[in-house]
Amino acid sequence: MGGVGKTTFVKEIIKNSDIGKFFDEVVMAVVSQNLDYLNIQGQIADALGLNFDKETIQGRACQLYERRKNINNVLIVLDDVWTYLDFKSIGIPSNEHHKNCRISFTSKLKIYATRWEVKRIS
């Protein structure tokens, strides 16, 4: 349900000083209803201090993946998820490739996540 404070709650968790005990980096990206992988990648890159050399979604995904390999523990918060997300296209590694990358997301919809994607439940 909209307007119940999901985004506010997540932002407060991120601001919590204790979160740094568990994660070296905490990144938040707003997905929104109009899915734009380049925008999501840009938000994550900005938070990680990464400047892209590539312009394509796949090229930027590889750069994000390589950047995160240098981070021991990272939390990626995806806010306002409306539809299917392909984590691989964003540059978010699977658990097989980066065991210390955690993902949290907020949504108004009933969705479920696998280690590589988010899908809507009809």
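None of these values were measured; they are calculated from a predicted model.

Caption draft 1: Layout of the overall build of the chain. Secondary structure assignment for the chain yields four helices and six strands. When its helices and strands are written in sequence order, the chain yields α-β-α-α-β-β-α-β-β-β. Of all 122 residues assigned to the chain, the portion counted as buried reaches 34%. In the chain, 61% of the contacts between residues at least 6 apart in sequence involve partners at least 24 apart. Taken as a whole, the chain presents about 7,400 Å² of accessible surface, with 48% of it coming from carbon and sulfur.

Caption draft 2: Representation of helix H2 (residues 37-48) in the model. Between its first and last C-alpha, H2 extends 16 Å over 12 residues, near the 16 Å set by a 1.5 Å rise per residue. The complete set of buried residues in H2 reads Tyr37, Ile40, Gln41, Gly42, Ile44, Ala45 and Leu48. Check the buried side of H2 and you find it contacts strand S1 (25-30), helix H3 (57-68), strand S2 (74-81), strand S3 (85-86) and helix H4 (87-90). Two or three places before Leu38, at the opening of H2, Asp36 has a side-chain oxygen 3.2 Å from that residue's backbone nitrogen. Directly beyond the C-terminal end of H2, a positive phi value near 70° is found at Gly49.

Caption draft 3: Seen up close, the side chain of Arg60. Along the chain, Arg60 falls in helix H3. Among buried charged residues, Arg60 stands out as having no salt bridge; its nearest opposite-charge side chain is Asp36, 7.5 Å away. Here Leu38 takes part through its backbone oxygen, which lies 2.9 Å from a polar atom of the side chain of Arg60.

Cut-off values and rules
- Residues numbered from 1 in each chain as written.
- Predicted model: local features only at pLDDT ≥ 70, side-chain atom pairs only at ≥ 80, totals over all residues.
- Heavy atoms only, no water.
- Helix = DSSP H or I, 4+ residues; strand = E, 2+ residues; numbered from the N terminus.
- Buried < 20%, exposed > 50% of the residue type's maximum accessible area, 1.4 Å probe, protein only.
- Contact = heavy atoms within 4.5 Å.
- Areas by Shrake-Rupley, 256 points an atom, 1.4 Å probe, with all protein chains shown as cover.
- Expected span 1.5 Å × (residues − 1).
- Polar contact = N/O pair within 3.5 Å; in protein donor to acceptor, adjacent residues only side chain to side chain.
- Lys, Arg positive; Asp, Glu negative; His and termini not counted.
- Salt bridge = Lys/Arg side-chain N within 4 Å of Asp/Glu carboxyl O.

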